[in-house]
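Residues per chain are reported as follows:
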Amino acid sequence: MPALPADIEPRLLRAFVAVAEELHFTRAAARLYVAQQVLSRDVRRLERELGAELFLRSTRRVTLTADGERLLPYARRVLAAQDELLAVFGQARPLLVDLNSPGLVTGRRVLHRARELAPDCELMARYESGLTGAAELILAGRLDVSFGRFAGLDPALRSGLSPQPLRYEPMAVILPEDHLLAALPEAPLPVSALAGETVYAGAGNPRTPEWTDLASRLFAEHGIRLAPPLPLAVGDEEFERIMGKNGHPILAVVDFPPLPRTVLRPLIDPVPLSPVSLVWRRGLVHPGLDALRRAAAEIAAADGWLRRPRGSWLPAVDEMTGPPGS
């Protein structure tokens, strides 16, 4: 067995971890913003230095060898320690922040304020649709931070994440402009007005089961039917097309961006709330995360985001009490 090198460049370990998590050299190269040839060269160099084959490569797939599986947890720990060291000395890598969807207000406001608080940090916005989908990417190291309903995540996902309660966001319904309820005078809509209606709440979308679960709890108490799964639409234009073709009202939040040929009505009696937390990978150390947490606390306090309005509705599992996660 060849002698191990006295040290290994973190860059080589980062290349290895990216390929190990993506199991695809092209995607791993895009993730690291390097040419695929450079990535392949770094992986081969690491294999030479360790005297071990780390991947089995074919024209159709990439898989980890036993040595690759053995190396992966150690490589992740080394890179986490390097990120922590660089963060302490103000040389942090870009922080990838998922805002769920373009146009949503809550996460965007926190991100903009965090950029003001930490102008030397690079906080990069991403859009991954729902917290469940984002949480899986966070735990895989492909995202750092997201926003959403933490209590709605699978316990296996929650165990690797930390939350900071941010907002109880009032919910609303989006009605096609030719819907009977849209013809009522512009005003908040009682939840009881939706009794007997079929309302879309993302059923079947693997990225957003935490939202569908919240809707199901609300609907069960008020005689509202959950719309069946629809084709997963990618992008605003496709979402608008599918929703327009289907014709169901859509459960949303009051700050949801406008859709053509629809009206948005806040819901009351009771006011249903969507609980939003700032969520990150447990143990993450980064000055950008510090700025996000400070911005979240600042805005929540100034705007009363964690005060529940009188006559509101929220499942007991979503009560956001106690100190923020760490």
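Since the structure is predicted, the reported quantities are computational estimates derived from the model, not experimental observations.

A. Layout of the pairing of strand β11 (residues 262–268). Here 5 bridges tie strand β6 (residues 161–176) to β11, and the two strands are oriented antiparallel to one another. Along β11, the bridge assignment pairs Val-173 with Arg-265. When strand β7 (residues 189–190) meets β11, the two strands line up parallel, connected through 2 bridges. Paired with Pro-190 across the bridge in β11 is Ile-268.

B. Broad picture of the environment of Glu-186. Assignment of secondary structure puts Glu-186 in the loop between β6 and β7. Note on Glu-186: relative accessible area 76%, which makes it exposed. Taking the C-alpha atoms as reference points, Glu-186 and Arg-265, separated by 79 residues in sequence, lie 7.7 Å from one another.

C. Molecular detail of the pairing of β6. Of all the 16 residues making up β6, 15 are buried; the element is thus mostly covered by neighbouring parts of the structure. Summarising the sheet, β6 and strand β12 (residues 271–281) pair through 9 bridges and their orientation is antiparallel. In the strand pairing of β12, Arg-167 is matched with Val-276. In the sheet, β6 pairs with strand β10 (residues 250–253) via 4 bridges, with the strands oriented antiparallel. Note on β10: the bridge partner recorded for Ala-172 is Ala-252.

D. Representation of helix α8 (residues 209–222) within the structure. The first and last C-alpha atoms of α8 sit 20 Å apart over 14 residues, in line with the 20 Å expected at 1.5 Å per residue. For α8, the set of buried residues is Glu-210, Trp-211, Thr-212, Leu-214, Ala-215, Leu-218, Phe-219 and His-222. Gly-223 lies just past α8 and shows a positive phi near 65°.

About the criteria used
- Residue indices follow the written sequence of each chain, beginning from 1 at its first position.
- For this predicted model, a pLDDT threshold of at least 70 governs which residues receive local features, and a threshold of 80 or more governs which side-chain atom pairs are given and counted, while totals over whole chains, interfaces and linings are taken from all residues.
- With hydrogens and water set aside, each side-chain value is computed from the structure's full complement of heavy atoms.
- Whether two strands pair comes down to DSSP finding at least two bridges between them.
- Strands here are runs of E lasting at least two residues and helices are runs of H or I lasting at least four, both read from the DSSP assignment and numbered beginning at the N terminus.
- Accessible area is worked out with a 1.4 Å probe on protein chains only. A residue is then buried under 20% of its type maximum, exposed over 50%, and partly exposed in between.
- Each helix should span, by expectation, one fewer than its residue count multiplied by 1.5 Å.

These figures come from the coordinates and say nothing about function on their own.
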